[in-house]
Structure formats: structure tokens, C-alpha cells
Amino acid sequence: TPANIHIVETVVAFALIVLLNVVLKKKEVVKAADTPTFTRLLTQVVLPVFIFFQFLRYPPATRHLLPVLAMFITGCCTLLAAWAVGKMLGFSRSTTGALMIVSSFGSSALLGYPLIQYTFPHDPGAMTEAILISELAVGLPIFTLCPLVAMHFGEATTATDTPPSSMLQYFRSPIFIAVVLGFAVSRFHVPLQSPFVAPIFEAAKMIDGTLAALACLILGLQIKVGSLKRLLPIVGISAALQMGFQPLLAYGLAVLFHLGVMERQILVLIAAMPSAVLGPIFAVRY
């Protein structure tokens with residue numbers, strides 16, 4: 001369908017921009033050392049502003065919660081599938097745990113939001129639905145299930161690095177605060193065209209415009225092709241689970257739940273995102 005063709009075109013366009021940033025890194029126009037700065041800018045400024053004003057523009061409805069449930073079930077099933085693959089192939093305990101973490105809940109905010117933004121430019125409710133799926137069905141499990149898996153399969157745990165403390169960090173994060181405030185304020189139907197709100201709204205739209213470019217820049221800076229060579233088998237398994245098995249399962253659940261075409265496409269795109277940045281962080285910590 002034309003919608004599916006547009007999705008493919010958008011993914012290819014993203015890949016080209018990421019490739020451009022890889023070239024810029026090789027030319028030292030941008031440097032890998034700049035990654036933390038760009039990441040903080042994205043997660044502490046751009047994404048919170050984007051999420052908050054998205055909720056004001058298009059207030060969410062209760063029907064958005066069914067795709068959230070479908071995505072949560074999808075992530076949990078993929079977590080179990082990764083464990084089964086690790087056991088079947090005789091991976092070590094730590095390798096199995098790492099495979100589970102990086103194969104289940106993906107980068108729904110860093111890459112998912114800009115991808116949805118450009119795939120559904122004329123559908124006002126698409127991004128609202130994507131945010132709810134991302135933050136409730138992907139974000140929360142990353143900060144709860146992933147630390148538990150890491151602690152169980154890891155070699156070291158400390159008293160301070162516990163799932164409750166990780167959840168507390170998430171609840172204090174600008175992204176989660178933006179979700180809560182945006183949802184609450186959207187109930188009051190703020191007049192976005194009023195002379196007091198309109199300038200702020202226009203500034204927010206300017207910030208929104210940097211979302212995709214900044215996400216692609218960060219991804220381009222993070223890619224290290226040389227370090228993948230000796231890990232290709234496990235990387236291939238993780239990619240097959242995260243970007244093959246998981247979107248297929250998400251589509252099946254979407255059909256089972258009788259979701260609309262647009263909701264199915266959003267669910268599949270979110271499910272097909274590669275590993276979230278926090279997954280490897282939890283794996284290393286434990």
C-alpha cells in the first residue's frame with residue numbers, strides 16, 4: 001500500500017542520514033566524544049518539549065491503551081524467546097542475560113519518535129499513540145524488568161543499583177515528567193492560539209524540528225563497525241529477535257486485538273526498533 005511504501009522510504013531516508021553522520025565522524029566534523037552532550041540535549045530538552053506539546057495538541061484517549069498492552073506482551077514474549085535461544089545454543093549465563101536485555105525492549109524514543117513523526121506527518125493522533133506505547137510499554141519495562149534480568153544473570157550486584165532505584169530515576173527523568181504533565185494539562189484544553197501561548201508553542205515546534213536530525217546524529221556517532229566482527233553471531237540472533245520476531249508478534253497481537261491499520265503500523269515500527277541505549281548499560285552494570 002502507499003502507506004507501507006512511505007514507511008520504507010522513511011526508513012531508507014533515516015539510514016542515509018545516519019550514514020552521512022558516520023562519514024562526518026570519520027572526517028572529524030563531529031566526534032564520538034560529543035555523544036554524551038548530544039544525548040543529554042535530546043533526552044533532557046528536545047524529547048520532553050516534544051512530548052509535552054504533543055499531548056497538548058492531540059490529547060490521548062482510552063482507546064490508545066490497547067496497543068500499549070499489545071506492546072508490553074510483545075516485549076515480555078521476546079524476553080522469554082531470547083532466554084530460550086540462549087539455553088538452546090548453550091550460551092553462558094551472562095551472555096544469555098545480555099541477549100535477553102538487548103533483544104526485548106528497543107529504542108522507541110531515540111529512534112521511534114522521529115520515525116513515527118516523519119512516517120505519519122498528516123495523522124495527528126499517531127505520535128500521541130506512539131508516545132504512550134513507548135513510555136508505558138517500553139520505558140517502564142526497561143527500568144523494571146531489565147535490571148531484574150541483569151541482576152539474576154549477572155555476576156555482581158550492589159545495594160544501590162536496584163530496580164526500585166532505577167525506577168525512581170525514570171520517574172524523575174524529564175521525559176516521564178513531560179508525559180505526566182502533558183497528559184494532565186491536556187485535560188484542560190489549553191488554547192494554543194492565544195497570544196500568550198502561541199509564541200511558546202511556535203518555539204516548541206522549532207525544537208520539534210531538530211528531533212530526527214539529532215537522533216540520527218547520535219546513532220551515527222555511536223556506530224562502531226569494527227567492534228562487531230567477533231560478535232556477529234550473537235548480534236545476528238539479537239537482530240533477528242528484536243527486528244524480526246518482535247514486530248511479527250506485535251502485528252499478530254494487533255490483528256488479535258482488532259486494531260486499526262494505522263495502530264498496527266505504529267505498533268510494528270515501535271516493536272522493530274533496535275536495542276535501547278539503557279539495555280547495554282544495565283548489562284555492563286551487573
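Before going into details, it helps to say that this report is about the structure given with it.

What counts and what doesn't
Residues numbered from 1 in each chain as written. Predicted model: local features only at pLDDT ≥ 70, side-chain atom pairs only at ≥ 80, totals over all residues. Heavy atoms only, no water. Helix = DSSP H or I, 4+ residues; strand = E, 2+ residues; numbered from the N terminus. Buried < 20%, exposed > 50% of the residue type's maximum accessible area, 1.4 Å probe, protein only. Polar contact = N/O pair within 3.5 Å; in protein donor to acceptor, adjacent residues only side chain to side chain. Contact = heavy atoms within 4.5 Å. Patch = residues over 30% accessible without salt bridge, like charges linked within 9 Å, V, L, I, M, F, W, Y side chains within 5 Å. Areas by Shrake-Rupley, 256 points an atom, 1.4 Å probe, with all protein chains shown as cover. Salt bridge = Lys/Arg side-chain N within 4 Å of Asp/Glu carboxyl O. Phe/Tyr/Trp six-rings, centres within 6.5 Å; stacked < 30°, edge-to-face > 60°. Lys NZ or Arg CZ within 6 Å of the ring centre and 35° of its normal. Axes fitted to C-alpha atoms, helices over the stretch in contact; angles between N-to-C directions. Parallel < 35°, antiparallel > 145°, perpendicular 65-115°, else oblique. Left-handed = near helix turned anticlockwise from the far one by under 90°. Nonpolar A, V, L, I, M, F, W, Y, C, P; charged D, E, K, R; others polar.

Description of the side chain of serine 104
Relative to the assigned elements, serine 104 resides in helix α4 (residues 93–104). With a relative accessible area of 0%, serine 104 lands in the buried category. Within polar-contact distance, the side chain of serine 104 engages the backbone oxygen of isoleucine 101 at 3.4 Å. Once you skip the residues sitting within four places of it in the chain, serine 104 turns out to touch Gly75, Thr78, Leu79, Gln242 and Gln246.

Overview of a nonpolar patch on the surface
A surface patch of nonpolar side chains, about 450 Å² in accessible area, is lined by Val8, Val12, Leu16, Leu19 and Val23. Within the secondary structure, valine 23 is located in helix α1 (residues 2–26).

Digging into the packing of aromatic side chains
In the structure shown here, the tally under the stated rule is 2 aromatic pairs. Taken together, a centroid distance of 6.1 Å and an interplanar angle of 40° make the contact between phenylalanine 53 and phenylalanine 201 tilted. Here the residue phenylalanine 53 occupies a position in helix α2 (residues 35–57), and phenylalanine 201 occupies one in helix α9 (residues 198–208), the gap between them amounting to 148 residues. Exposure remark for phenylalanine 201: the relative accessible area of 8% places this residue in the buried category. Each residue in the set Phe52, Phe53 and Phe201 is aromatic and connected to the rest through ring pairs, giving one cluster. It is arginine 93 that lies over the ring of phenylalanine 153; its NZ or CZ is 5.4 Å from the centre. One residue, arginine 187, lies across the ring of phenylalanine 183, its end atom 4.7 Å from the ring centre.

Topic: the environment of valine 23
Under the relative-accessibility criterion, valine 23 is labelled partly exposed at 39%. When the C-alpha atoms of valine 23 and leucine 221 are compared, they prove to be 9.6 Å apart, with 198 residues separating the residues in sequence.

Notes on the packing of α2 against α9
Across the interface, α2 lies against α9 with an axial gap of 9 Å and an inter-helix angle of 125°. Between α2 and α9, the interaxial angle falls into the category oblique. When you trace α2 past α9, the crossing you get is left-handed. Residues Val46, Val49, Phe50, Phe53 and Arg57 of α2 lie in contact with α9, whose contacting residues are Ile200, Phe201, Ala204, Lys205, Ile207 and Asp208. Of the residues that constitute the contact of α2 with α9, the class distribution is 8 nonpolar, no polar and 3 charged.

Some details on the environment of serine 94
Position of serine 94 among the secondary structure elements: in helix α4. Residue classification places serine 94 among the partly exposed residues on the basis of a relative accessible area of 35%. Residues serine 94 and alanine 150, spaced 56 residues apart in sequence, show a C-alpha to C-alpha distance of 8.3 Å.

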